[in-house]
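Topology and contacts: notes
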Amino acid sequence: MFVAALALCLLGYIVIAVPGKWFPSVTERASGVAQLTMPRGVATRSADELIVTRAAEDGNTVISLTTDFRALDYPVVQWIAAGLPVDARVALLWQTDVEPARVNKRTLNVESGQVQAADLHGDPHWIGRVVGLALAVQGMIDTPIRVRGVIAKPAGAVDTLRDRAREWMMPEPWTGASINTVLGGSDAQRLPLPLLLAVVIALCALIAWLLLCTRARNWRPGVASAVVSVALVAWFVLDARWTVNLLQQARATALQFAGKDANEKLLAGQDRDLFAFIEKARAQLPQQPARVFVVADADFFRGRAAYHLYPQNVWYEPYRNALPPADRLHAGDWLVVYQRRGVAYDAAKKSLRWDGDVTVPAELKLLDHGGALFVVR
Amino acid sequence: MIDAARLLAGWTLVWAFGIALVAVLDSAQRDPPAGSRMWTIGSGFFAGAFVVPVWMRALSLTGIRFSLLAIGLPVLIATVALGFIVLRRRAAAARHPLLAIDTSPTNTPAMSKRRRVVMYGLIAWLALRFITLLLDVWWTPLYPWDAWIQWATKARVWYSLGHIVPFGRSAEWFAANGSLWFDASPNYPATVPLWQVWSSVALGRWDDALMNLPWWLTFVALAVAIYGALRVHGFDALSATIAAWLTSSLPLANVHVALAGYADLPMAAYYTLAALATWRWSLERNLPNAVIALLFAVACLTIKTPGIVWALTLAPGVVLALMPQRGPRIVATAIAVVLLVLAVLAQTHPVVLGYRLHLDFAPSWQALVDSLFLLGNWHLLWYAVVVVAIVGWNVLRAPPLVSLSATVASGLLFLIIAFAFTNARNWVADQTTVNRAVLHIAPLALTWAIIVVQALLERYRRVPAPVELIAASQ
């Protein structure tokens, strides 16, 4: 019953989701980070992701690539981008050989921080050969946007189902966001698996009821048993997918950390350079906890540096990139500066100067790995 | 390898102490039902993991430095003493014909081969999950953000200094001139950091991966406790195993084990245990159950700040149990008063528990729907809760379940108020803290849904189901 209901639901989905040919003659075209260029905004490449950290001066960010495919063959364009704010104004831009002077635009929806696919069936400007695609984001970028690439899809029935399956089975490695949300597959999912399975269960309940209400006066126990059985199977399907993800993640964790001692793990971790610097700084600090002030541009580095420095009596601004009030610093206090712009040391005068023309008498004790350790005199 | 054995021995001691503690209370009861042993084992971990940090606080107050001897020896002595009491009571009960426990196999009907295969298959599946998560806990150094800016910060300082020192906010820290420590949330409760301290003491060194073993133990013990609780309430072994599997499969709970260091999973576990123990008390009405329920309710306060509110959500269930006639009216009045107070508070913009309350009713429904029903956080949990609440309306309000249902309803009401009326709604919109807050009630909500479904099935089964449909569903 479960399999039959699932097949029926998928068929219904195809009817809704595939307006064009169910069996087209071309396959999808994916472009990864290597093909992307960044005409506007600032980004860095990290493995298979483009991490966009800043918009251009005019507040726009544009990520583009050169393409060459028949618009008619690929009616769906999916940018793989995540980390967008809920109110982000995002658009797909494209150019065709039919109207080379015209830049076409389609506003894209953002759900749960992810760009949704653009379905260009019936768009009067999605014609000829598409020679360029771009993702445009309007407004300032507060948190980094992660872009993995773009996929042009023929969007036939098999492709559509394969896409959904790929979305469900996409490995979901641990990230900083994992502790808050489990996506259940890829960043963007057009048909969430829990929703599909819930509909399957509802359909099974309906079928069971139709089967039973004509045969027996008391149909409730039969329908209840059927629904519970089907729900357990559906739950197991979801759990199997999740267990595969856990196993993949355990393998990744093993590759990164297995066989290492506590220190080696930290040196293989997310902040290895910072940890290496702090280890050297700790050697300079007194055994008895002293007051240690930590400054860094990034919240992450301030917090991590403080964590590695404990049990020293650390102070830092957890949520603000700010320096300690100079008048609260005493002789004998320590200052850790890690990748912080606007802090200058005058070796001749043995003094530190920072934002607002503040000057603090201090002596440099360590300079290493983008960090410096000072003791206040 | 030796230090890993020390760590395991340290936590085995805590667990054994907790088992002895719960067993002393349980052994005072006549005729413990099937599953009570598993309940004792599962809940025992939580009893031990609550009481040992209390002991560590006491040591710190008296100026005794944390050490294996100072913490471990008294716990070991207490475990042996409690174990001795349990054994003596059992021996006495065995000698006394009226108190003898009938544990003969004729009490439980034999399980069919097919059901046994399913049950052992599920146990193997559970073992696979537990092992996978243990590997992540064992290998991964402290990873998630809050873990290293507000929880393990305290553990690191307290372990290094050998005693608890106070943490304060920025202004207080500057004024204290070195006698206060600082982190992102200096007012957070101490229990969870003290777990990490005990891990480190047992290990003999600071290791920010291995110190998180108690998160994995919490997860395993919760599954065992839920299995035991449901067996106590009449579930057969297969149904209780299915329940343990379902509650262990919640993906976000799994993440909180693998990426250990947050207090949300412990909060969820203690709240679930408190609610189940309160429910058991409401049905059996004896002192041992009341003590266990109270122990876990108090423990909730020491895990996270919202633990106070979670503990309060147990109150409607207690009221309904104590006053079956007038209880519903009292609970309804209390809810009305709460809503009225909320409205009044909203007009005056006060801050309660750090949450700014105001009557700006603008919940992020879409984000909430995404989080509960579309993303992978909960499998089918919230679909099940909604359907069970509708279909099982008559059953969940009936006397055996009404107390537990009231607790779950109060918990959900708390979440709805927080998400709809306070600045917590921002957490819903950006998918950050919303799921962590929901995690606090998720295992309990799922256990409740399973209990209601079982009650429904039992009610329906009084009239036999047609054979052809059962076959069709398999």
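Please refer to the structure higher up on the page.
All residue numbers refer to position in the chain's written sequence, counted from 1. Naming scheme: in the order in which they are written, chains are lettered from A and ligands are numbered from 1. At least 70 in pLDDT is required for a residue's local features to be given in this predicted model, at least 80 for side-chain atom pairs to be given and counted, and no such filter applies to totals for whole chains, interfaces and linings, which use all residues. Excluding hydrogens and water, the side-chain values take into account all heavy atoms of the structure.

1. With respect to the overall build of chain B
Definition in use: Runs of H or I in DSSP of at least four residues are treated as helices and runs of E of at least two as strands, each being numbered from the N terminus. Whether two residues are in contact is decided by their heavy atoms, any of which lying within 4.5 Å being enough.
Counting secondary structure elements, chain B contains 23 helices and two strands. Sequence separation of 24 or more characterises 78% of the internal contacts of chain B that already satisfy a separation of 6 or more.

2. Observations concerning the pattern of salt bridges
All names here are of chain A. This is how it is decided: One side-chain nitrogen of Lys or Arg within 4 Å of one carboxyl oxygen of Asp or Glu is enough to make a salt bridge. Note on classification: 1.4 Å probe, protein chains only; a residue is buried when its accessible area is under 20% of the maximum for its type, exposed when over 50%, partly exposed between these limits.
Summed over all chains, the structure comprises 30 salt bridges over all chains. A salt bridge links E167 to R164, with the nearest nitrogen and oxygen atoms 2.9 Å apart. On the criterion of helical spacing, the pair formed by E167 and R164 is a turn pair, its members being three residues apart in helix α2 (residues 157–169). You'll find E167 and R164 in the same group, each marked buried. In this structure, the salt-bridge partner of D357 is R353, at a minimum N-O distance of 3.7 Å. Salt bridges sharing partners connect three or more residues here, namely E28, K153, D163 and R166.

3. What to know about empty space enclosed by the protein
Put simply, the test is: Here the term cavity refers to a set of points on a 1 Å grid, laid over the protein atoms alone, in which a 1.4 Å probe fits but cannot get out; the term pocket refers to an open set having protein on both sides within 12 Å along at least five of seven lines, with lining residues being those that place an atom within 4 Å of a point. Grid points are joined across faces, edges and corners, and a volume is the space filled by probe spheres set on the points. Residue type decides the class: Asp, Glu, Lys and Arg count as charged, Ala, Val, Leu, Ile, Met, Phe, Trp, Tyr, Cys and Pro as nonpolar, and the leftover types, Gly among them, as polar.
If you walk through the whole model with that rule in mind, you get three cavities of 30 Å³ or more. Roughly 60 Å³ of internal volume is contained in the largest cavity. Along the walls of the largest cavity sit L183, G184, Q189, L193, P194, L238 and R241 of chain A together with P251, L374, L375, G376 and H379 of chain B, which together make up its complete lining. Within the residue set of the lining of the largest cavity, elements represented by two or more residues are α3 (193–213) and α4 (220–257) of chain A. Taken together, the residues that form the lining of the largest cavity break down as seven nonpolar, four polar and one charged.

4. Here's the deal with the packing of aromatic side chains
For any pair of aromatic rings, the description rests on two quantities: the centre-to-centre distance and the angle between the ring planes. Stated formally: Each Phe, Tyr or Trp ring, with Trp reduced to its six-membered ring, pairs with another whose centre is within 6.5 Å; inter-plane angles below 30 degrees give stacked pairs, above 60 give edge-to-face pairs, and intermediate values give tilted ones. Two limits define a charge over a ring: the Lys NZ or Arg CZ must be within 6 Å of the ring centre, and within 35 degrees of the ring normal.
A full pass over the atoms with the stated rule returns 36 aromatic pairs over all chains. Plain terms: the ring middles of F293 of chain A and W315 of chain A are 5.8 Å apart, the flat faces sit at 55° to each other, and that makes the pair tilted. Here W315 of chain A lies in strand β15 (residues 313–315) and F293 of chain A lies in strand β14 (residues 291–296), a separation of 22 residues in the sequence. The exposure classification of F293 of chain A matches that of W315 of chain A, with both residues buried. With a centroid separation of 6.1 Å and an interplanar angle of 40°, the aromatic rings of W11 of chain B and F45 of chain B are classed as tilted. Placement of the pair is W11 of chain B in helix α1 (residues 2–26) and F45 of chain B in helix α2 (residues 36–61), with a sequence separation of 34 residues. Just as W11 of chain B is buried, F45 of chain B falls in that class too. Grouped by ring-pair contacts, the aromatic residues W11, W15, F45, F46, W195, W215, Y270 and F296 of chain B constitute a single cluster. Directly above the aromatic system of W219 of chain A lies the positively charged group of R220 of chain A, at a separation of 5.0 Å from the ring centroid. If you follow R156 of chain B out to its NZ or CZ, it ends over the ring of Y307 of chain A, 6.0 Å from the centre.

5. A closer look at the side chain of R302 of chain A
Residues and elements named next belong to chain A. Spelled out, the test is: The term polar contact refers here to a pair of N or O atoms within 3.5 Å; inside protein, the definition further demands a hydrogen-donor-capable atom paired with an acceptor-capable atom, and it admits residues adjacent in sequence only when both atoms are side-chain atoms.
Relative to the elements of secondary structure, R302 occurs in helix α7 (residues 299–309). Overall, R302 belongs to the buried group, its relative accessible area being 0%. At a separation of 2.6 Å, a polar atom in the side chain of R302 contacts the side chain of D299. Ignoring any residue separated from it by four or fewer positions in sequence, one finds R302 in contact with V294, V295, A296, D297, Y316, E317, P318, Y319, R320 and N321.

6. Examining the interface of chain B and chain A
Rules: Summed over both partners, buried area is the accessible surface (1.4 Å probe) that two parts give up on being assembled.
At the interface, 81 residues of chain B touch 78 residues of chain A. Taken over both partners, the interface formed by chain B and chain A buries close to 6,900 Å², and the fraction arising from carbon and sulfur atoms is 68%. Applying the counting criterion to the chain B and chain A interface returns one salt bridge. Where chain B packs against chain A, one counts 27 residue pairs in polar contact (both at pLDDT 80 or more). Looking at the side of chain B that touches chain A residue by residue, the classes come out as 52 nonpolar, 19 polar and 10 charged.

7. Some thoughts on the layout of surface pockets
If you add up the space inside the second largest pocket, you get close to 1,700 Å³. Lining of the second largest pocket is provided by 49 residues; of these, S225, V227, V228, S229 and L232 of chain A occupy positions nearest its centre. Listing elements by their share of the lining of the second largest pocket, those giving two or more residues are α3 and α4 of chain A together with α4 (113–139), α9 (237–248), α17 (381–391) and α22 (442–461) of chain B. Ranked by residue count, the leading element in the lining of the second largest pocket is α4 of chain A, at 12 residues. A class-by-class count of the residues in the lining of the second largest pocket yields 36 nonpolar, seven polar and six charged.

8. What to know about the pairing of strand β4 (residues 49–54) of chain A
Each regular strand displays side chains that alternate between the two surfaces of the sheet. Residues and elements named next belong to chain A. Rule in force here: In this analysis, strands are considered paired if DSSP registers two or more bridges between them.
Relative to β4, strand β3 (residues 42–46) runs antiparallel, the two being bridged by five bridges. Directly across from S46, in β4, lies its bridge partner E49. Taken together, β3 and the strand that follows it, β4, pair antiparallel across an intervening segment of two residues, in which A47 is found at a positive phi of about 50°. Taken together, the three bridges between β4 and strand β13 (residues 145–153) define a ladder with antiparallel strand orientation. Bridge pairing links V52 to I145 in β13.

9. Observations concerning the environment of A281 of chain A
Residues and elements named next belong to chain A. Mapped onto the fold, A281 is located in helix α6 (residues 272–284). What makes A281 buried here is its relative accessible area of 0%. Residues A281 and R45 lie 236 residues apart in sequence; the distance between their C-alpha atoms is 30 Å. Beyond its immediate stretch of four places on either side in the chain, A281 contacts L366 and L373.

10. A word on the environment of H233 of chain B
Residue and element names in this part refer to chain B. Tracing the sequence through the fold places H233 in the loop between α8 (213–232) and α9. With relative accessibility at 22%, the residue H233 sits in the partly exposed group. Through-space distance from the C-alpha of H233 to that of W279 is 10 Å; in sequence the pair is 46 residues apart. Here H233 is in contact with W279, R280 and L283, once residues within four sequence places are set aside.

11. What to know about the sheet that holds strand β20 (residues 371–376) of chain A
All names here are of chain A. Spelled out, the test is: Helix axes are fitted to C-alpha atoms over the stretch in contact, other axes to C-alpha atoms as well, and angles between N-to-C directions run from 0 to 180 degrees.
If you walk across this open sheet you meet the seven strands as β15-β14-β16-β20-β19-β18-β17, and the pairing is mixed. For this open sheet the edge positions go to β15 and β17 (344–346), each flanked by a neighbour on one side alone. Averaged over all neighbouring strand pairs, the angle between strand axes comes to 35°, with direction disregarded. In this sheet, strand β18 (residues 351–354) lies alongside β17 in antiparallel orientation, the contact comprising three bridges. Bridge pairing links A344 to R353 in β18. α6 rests against β16 (334–338), β19 (358–368) and β20 of the sheet, and its axis sits at about 105° to β19. In the packing of α7 onto the sheet, contacts are made with β14, β15 and β16, and the angle to β14 comes to roughly 155°.

Function cannot be read off these values alone, since they describe shape.
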